[in-house]
Amino acid sequence: MTDGLTGLANRRRFDQCLASECGGDCATVSRSLCDDRRRPFQVVQRHLGHLRGDSCLRQIAEAALDVVARPGDLVARFGGEEFAVILPNTDSEGALDVAGEICAALRSRKLRTAAILLGS
């Protein structure tokens, strides 16, 4: 139920949590997905190596956990370099605010790998 690299919930736990939250009223649950759609993570691994890539994934996890801290919220490693967040009792505007805060938390770390991932 836990991702070995980041310590976050894994995809199985994410799916179970989402099913549990949606069992009653899906309208009050927001889900966010962070994905490396432009593939800069592959650039990080190619130029800096897999260990630095792993370090970057851990830093993303830590930044997300710094922001997503309410009881019932869940941050998960969805797969590869994808992360997902479940925010019960949160509308889409609130979910966008949380996503922005996660990005800001990651930018504040001023990591070379994070800068590549964020396109900064």
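This one's a predicted model, so the numbers in the text were calculated from it and none came from an experiment.

Analysis parameters
Residues numbered from 1 in each chain as written. Predicted model: local features only at pLDDT ≥ 70, side-chain atom pairs only at ≥ 80, totals over all residues. Heavy atoms only, no water. Helix = DSSP H or I, 4+ residues; strand = E, 2+ residues; numbered from the N terminus. Buried < 20%, exposed > 50% of the residue type's maximum accessible area, 1.4 Å probe, protein only. Expected span 1.5 Å × (residues − 1). pLDDT = per-residue confidence, 0-100. Polar contact = N/O pair within 3.5 Å; in protein donor to acceptor, adjacent residues only side chain to side chain. Contact = heavy atoms within 4.5 Å. Arc of directions from axis to C-beta. Salt bridge = Lys/Arg side-chain N within 4 Å of Asp/Glu carboxyl O. Phe/Tyr/Trp six-rings, centres within 6.5 Å; stacked < 30°, edge-to-face > 60°. Lys NZ or Arg CZ within 6 Å of the ring centre and 35° of its normal.

(A) Molecular detail of the environment of Arg-31. Relative to the helices and strands, Arg-31 resides in strand 1 (residues 29-34). Here Arg-31 falls in the partly exposed class, since its relative accessible area comes to 45%. For the pair formed by Arg-31 and Ser-92, sequence separation is 61 residues and the distance between their alpha carbons is 8.6 Å.

(B) Local environment of helix 3 (residues 50-67). Given a rise of 1.5 Å per residue, 18 residues ought to cover 26 Å, and the 26 Å separating the end C-alpha atoms of helix 3 matches this to within 8%. For helix 3, every residue scored as buried is listed here: Gly-53, Cys-56, Leu-57, Gln-59, Ile-60, Ala-61, Ala-63 and Ala-64.

(C) Spotlight on the confidence of the model for the protein. When pLDDT is averaged along the protein, the result is 81, and 78% of the positions lie at 70 or above. Considering each helix and strand of the protein separately, the mean pLDDT is smallest for helix 5 (residues 112-118), with a value of 52, and largest for strand 2 (residues 74-79), with 92.

(D) Up close: the side chain of Asp-73. On the secondary structure map, Asp-73 appears in the loop between helix 3 and strand 2. What makes Asp-73 buried here is its relative accessible area of 16%. There is a polar contact of 2.8 Å between the side chain of Asp-73 and the side chain of Arg-70. Discounting residues that sit within four places of it in the chain, Asp-73 has contacts with Val-68, Ile-86, Leu-87 and Pro-88.

(E) Quick peek at helix 4 (residues 92-108). For helix 4, which comprises 17 residues, the first-to-last C-alpha distance of 24 Å matches the rise-based estimate of 24 Å (1.5 Å per residue) to within 8%. Taken residue by residue, helix 4 has Gly-94, Ala-95, Val-98, Ile-102, Ala-105 and Leu-106 as its buried positions. With its buried residues spanning 115° around the axis, helix 4 presents them on a single face. Of the residues in helix 4, the exposed ones pointing more than 90 degrees away from the buried face are Ser-92, Glu-93, Leu-96 and Ser-108. Of the residues trailing helix 4, Lys-110 is marked for its positive phi of about 50°.

(F) How the structure looks around the pattern of salt bridges. Using the criterion set out here, one finds five salt bridges in the structure. Measuring nitrogen to oxygen at the nearest pair gives 3.3 Å for the salt bridge that ties Arg-109 to Glu-62. Of this pair, Arg-109 sits in the loop between helix 4 and helix 5 while Glu-62 sits in helix 3, placing them 47 residues apart in sequence. The exposure class of Glu-62 is partly exposed, given its relative accessible area of 39%. Among the ionic contacts, a cluster of salt bridges with common partners joins Glu-62, Asp-66 and Arg-109.

(G) Region of the structure containing the packing of aromatic side chains. Applying the stated criterion across every chain, the model contains one aromatic pair. Measuring from centroid to centroid gives 5.2 Å for Phe-14 and Phe-78, while their planes differ by 90°, and the two rings are edge-to-face. Of this pair, Phe-14 sits in helix 1 (residues 11-22) while Phe-78 sits in strand 2, and the two are 64 residues apart along the sequence. Across the pair, exposure class does not vary: Phe-14 and Phe-78 are buried alike. Of note, Arg-11 hangs over the ring of Phe-78, and the distance from its end group to the ring centre comes to 3.9 Å.

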